[in-house]
Protein chains: 2
Amino acid sequence: MNNIDEMSVNAIRVLSADAIQKAKSGHPGLPLGAAPAAYELWSRHMNHNPANPKWENRDRFILSGGHGSMLLYSLLHLFGYGNLSIDDIKNFRQLDSLTPGHPEYGHTVGIEATTGPLGQGMAMAVGMAMAEAHLSAVFNKEGYPVVDHYTYVLGGDGCMMEGISSECFSLAGTLGLNKLIVLYDSNNISIEGSTDIAFTEDVMKRFEAFGFQTIEVKDGNDLAAIGAAIEEAKADKERPSLIKIDTLIGFGCPAKQGKASAHGEPLGEENVAALKENIGWPCKGDFEVPQEVYDNYKKIAQERGAAEDKWNKLFDEYCEKFPEMKEKWDKYYNGYDLTDLFESEEYWVKPEKAEATRSTSGALLNLIKQHMPNLVGGSADLAPSNKTNMKDAGDFSKENYAGSNFHFGVREQAMTAITNGIALHGGLRPFAATFFVFSDYTKPMARLSSLMKLPVTYIFTHDSIGVGEDGPTHEPIEQLAAFRSLPNFTVFRPCDRTETAAAWMYAIKSESTPTGLVLTRQNLPQIEGSSKEALKGGYIIDNSTKAEPDAIIIASGSEVSLAIEAKKLLAGDGIDVRVVSMPSMELFEEQSDEYKNSVLPLSCRKRVAVEALSDFGWYRYVGLDGKVVSMKGFGASGPANELFKKFGFTAENVAAAVKDVM
Amino acid sequence: MNNIDEMSVNAIRVLSADAIQKAKSGHPGLPLGAAPAAYELWSRHMNHNPANPKWENRDRFILSGGHGSMLLYSLLHLFGYGNLSIDDIKNFRQLDSLTPGHPEYGHTVGIEATTGPLGQGMAMAVGMAMAEAHLSAVFNKEGYPVVDHYTYVLGGDGCMMEGISSECFSLAGTLGLNKLIVLYDSNNISIEGSTDIAFTEDVMKRFEAFGFQTIEVKDGNDLAAIGAAIEEAKADKERPSLIKIDTLIGFGCPAKQGKASAHGEPLGEENVAALKENIGWPCKGDFEVPQEVYDNYKKIAQERGAAEDKWNKLFDEYCEKFPEMKEKWDKYYNGYDLTDLFESEEYWVKPEKAEATRSTSGALLNLIKQHMPNLVGGSADLAPSNKTNMKDAGDFSKENYAGSNFHFGVREQAMTAITNGIALHGGLRPFAATFFVFSDYTKPMARLSSLMKLPVTYIFTHDSIGVGEDGPTHEPIEQLAAFRSLPNFTVFRPCDRTETAAAWMYAIKSESTPTGLVLTRQNLPQIEGSSKEALKGGYIIDNSTKAEPDAIIIASGSEVSLAIEAKKLLAGDGIDVRVVSMPSMELFEEQSDEYKNSVLPLSCRKRVAVEALSDFGWYRYVGLDGKVVSMKGFGASGPANELFKKFGFTAENVAAAVKDVM
């Protein structure tokens, strides 16, 4: 590499080492080792414009090894993204800085995705590549490739060990996502030592098995070789690519390079000095970068950014020539307005027949899709059961990227992270689906949906012992508690069609909160008192006669009708009961104290909650004097109606619980 | 295949079809397609004794595709395991039957593991193979291979799509587990249709990349070919083996074979009849099997079972020759008695110095290991951080199966299922470890620990915003709620060394409940009032002066010292506070009402709970009138002490909350 390139690469190393040293915390290994690859990619191959990080046709870059965040912050600073200043770099890992320990989407300009949990960035990249493929199929016209960009993701051995990487790359290979390029920082080191201890597989062969093109760069410091590999990767129009780059973790620091201790602790003052001397760094003080390096990056930023000008011209012509596509583009990227649909009678029709809420959901999904063409998504191989097939919307595949129905295979983790990636990309509104009991698999990725404030939709069906014969491995018990306790995630467990319609409306209108729709396998009756008040999370669905009820029964979903039956029984005993439907605790908690008190007056302590899952979390609403009719342990295998009886979900039992508290 | 073999294979098909049809529920595809492979394995290659399903040196068999349970039940019935009768078969999927929808360990004799969630059986098999390797290294002597058995696991495309399969097989290949044999029922069908939709990878090549021997059987009905493949697999002394068996899902049923609809719904009465006719089944009525078939299975059972007689002779000689090994064997398989240790002063020593509970845990783990040689386990690449390295206990590897320290790599899902597999195998007491925030990854497998009543130990460190600079992706918030709501799982969040010692004692003495130890990264002071009372889950750690306190503060772990500080502040205001430490809600709930009332008297409603994670679940103890000082959202990146302040975990704030409720 020539001198200015060498210094520009080393600027990344030096800033990273200094920042981590000052914070006395951080991971220097990846930044030091992968700096050349990142520099080569960002300066000579990636289409991006630091002056406009939101340019829709930019190439995407994800740092899947999120602990290597200083690599990314150094690049953002040097390239001039969002004016990330040297003070911001000095504030690495300090409270309220723009440079938190792991990159946070929405917090620091230029970060495409929050990463940290290894492997998730890889799958989010697959999602971004899927979004690009779909949008190109929808929008591009002959001579007007307005959607045409690559997705690059960089990660290490840790990401490759995580199962999610096999899930997402097996799918990526099947889908022929040729604009996905994976840079594998291969340094044979993980926290516990050499990867020989636990990870001797032939990674390149694994990727060949997935249908990737595989390229190896034997010297991770050789910019020309890295550049050639990237171009070779881009040239393959059929397959995604893996570029394995052999690096030395902590390169440049004599005492640390190649060792596990280079991974996740500051180098130490002496070692930082040794690093700078070893690589011939010209500056004396910490955080000092030669002006010529800044100038070089500025020049490069302008060169890379010119791609946007070129694209703007193309896009302007496209909009002139295809005004209807321009209109569609705006809707895709800014959102469809479904106000008319959500105010229509068709949407809120209250049928007579009992219906499983998963079936209602399927019908609503299809209705919404008609008004919202950019709704896309799928299930982890359970579409017929989840009722998530969108009719006449096509199946997304290598032959038909315009299809809206995604087939993820039995890969819940990848499905969820891909869904995040699609949302991050922009232009599409994605959903994911599986059995509620398998929501456990989606949880680490759903957590990132919440952290990143992505309004993605999760469809979780088969929500209780209503599962029946499949038995305890398939019957959710604690999954409601798991998602209700997750910040910025709204769980909605509707009791009938009306509440399901409210749930979908909430999910679609949400701007920054993911939603989990928890739906039944079995038929539920339509409840007379159900209404849009469900959007308040909890409301009176069947009121007491008196202003102050003798007792309150709170229920959600399949247990609401049970609560109403119990109320009738108790009326026979002269007990005047109010039934409250609480499809969403989170939405209820957002209401005013006044409203909450009107539904659940503090004066009334005789309360029973009933839900056919765990009682964990219900005591907030029944207090020290109330009771919860719930599952006390796991379910069982047998016909559903027998299970509900066996586990005490009968009107008699609920009525008895009310009498107990009185 | 000869006629009696053919009929014996078809008996499996017919019983499966009849049982599923009668239940009007179930999955016929796998049983029909994989019956030949299962029959060949169980009748001519597997060492097992239906008369003694607990024989320690039996080969293990796991049906990872647990939905195909009728395959397993048919085999168990025909081979005579546990007298599983024809009536039990007829009761398939009925409440309280011995043939629930998915196989349940501990419920039906002969089931080695509960399966259902795809892929987990694969990883449990790896765990069993690891256990076998370790125990052979510990016990075998020249000429006395007393531990010498194979682990077979059968699953399909779904299992292969799940990320956990790549995790566990990558590790298996690295470890050279040559006695692991994977039978891959390859029928190219999943629920949503042909696997072409989402799964076109070259599975054989993926396994080659992992270091497996790979063998293909092109005709899944060819018993001789299957048999030859199994023998070839067994002959490889260096590598685990994958046998890919090409089958037709739903084989034998003309209308259904090869179709997705053969997977998970009853064939239908007409199709069952067509199946029987198509395969030439001689019996007219449902559930009828010719006596010659029963006789054949009985003969085979005796032949296979003779292997145990042979082993008994060998084992008797071994015990005579090596009486100290016999003693050790009994301890390994029946359990070490640690009473002396748990009553010793050394174990309960109360130091002066503050210490992170993860460090205390590491010391106790090492102490326990000295008294319990069959304690084994490891971390998902975080052993130095989790403090789980057992000194001088060796590292388990291909070169040293006698090592007790397992290196799982960054593979939380596989680690957890492997840990279950090791526990299921018998002879070893395993633990697993990772960062508490990544417990999300372990959850689907920990759920099976609970379902199967396995007393495995989970070490979860870095349990709150005490994580500090790594930031919100690494700071647990909702993970306590997730595990507290899981039935038959005990969470223990100790506040100091004494409580950590109590936690470990509980975990080791547990017979049927998995334990999660939730430990700090940061130092915690030793609390004067802490004691073994912690085993009650909640106890008075710093009592009020008056018999009836003015207010009660409940806390766990790192917040106990904070609660005590707040109590001191409030004393200055004349408010007499009782501080309750509640390291384990589950254990508290097991106590008598009398005890619980003595700690948290219903008469005292002025209660504040404080925990540096989500408040979800605490209202059970503070009721409608109490408050919880907790995290309201995600954490942040910054030094830990600044985070605790920022998020309100100060004595002043807790005291203010108490005043609020008064």
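Preceding this paragraph is the structure being described.
A brief structural summary. (Residues numbered from 1 in each chain as written. Chains lettered and ligands numbered in written order. Predicted model: local features only at pLDDT ≥ 70, side-chain atom pairs only at ≥ 80, totals over all residues. Heavy atoms only, no water.)

## Considering the sheet that holds strand 17 (residues 551-555) of chain A
Residue and element names in this part refer to chain A. Read across the open sheet, the five strands follow the order 16-18-17-19-20; overall the sheet is mixed. Of all the strands in the sheet, just strand 16 (539-542) and strand 20 (627-631) have a single pairing partner and so form its edges. When the angles between neighbouring strand axes are averaged without regard to direction, this sheet yields 30°. Against the sheet, helix 27 (residues 651-661) makes contact with strand 17, strand 19 (607-614) and strand 20, and its axis sits at roughly 150° relative to strand 20, the strand it touches most. (Pairing = 2+ DSSP bridges. Helix = DSSP H or I, 4+ residues; strand = E, 2+ residues; numbered from the N terminus. Axes fitted to C-alpha atoms, helices over the stretch in contact; angles between N-to-C directions. Contact = heavy atoms within 4.5 Å.)

## Brief notes about the interface of chain A and chain B
At the junction of the two partners, chain A supplies 105 residues and chain B supplies 105 residues. Summed over both partners, the interface of chain A with chain B buries about 8,500 Å², with 58% contributed by carbon and sulfur atoms. On the chain A side of the contact with chain B, Glu192, Phe616 and Leu624 of chain A bury the most area, a combined 9% of that side's loss. Counting across the interface, chain A meets chain B through 16 salt bridges. (Buried area = accessible area lost by both parts, 1.4 Å probe. Salt bridge = Lys/Arg side-chain N within 4 Å of Asp/Glu carboxyl O.)

## Concerning helix 11 (residues 269-278) of chain A
All names here are of chain A. If you check which residues of helix 11 are buried, you get Asn271, Val272, Leu275 and Lys276. The arc enclosing the buried residues of helix 11, seen along the axis, measures out at 140°, which places them on a common side. Among the exposed residues of helix 11, those oriented more than 90 degrees off its buried face are Glu269, Glu270 and Glu277. On its buried side, helix 11 packs onto helix 1 (3-23) and helix 2 (29-44). (Buried < 20%, exposed > 50% of the residue type's maximum accessible area, 1.4 Å probe, protein only. Arc of directions from axis to C-beta.)

## Description of the environment of Ser544 of chain A
All names here are of chain A. Along the chain, Ser544 turns up in the loop between strand 16 and strand 17. Distance from Ser544 to Val579, taken between C-alpha atoms, is 7.5 Å for residues 35 residues apart in sequence. Apart from residues no more than four positions distant in its own chain, Ser544 is found in contact with Pro549, Lys567, Asp576, Val577 and Arg578. Polar side-chain contacts of Ser544 include one of 3.3 Å to the side chain of Asn543. (Polar contact = N/O pair within 3.5 Å; in protein donor to acceptor, adjacent residues only side chain to side chain.)

## What to know about the relation of the copies chain A and chain B
Overlay of chain A on chain B (RMSD 0.0 Å): rotation 180°, translation along the axis 0.0 Å. The superposition operator between the copies reduces to a two-fold rotation axis. (Least-squares fit on C-alpha atoms with pLDDT ≥ 70 in both.)

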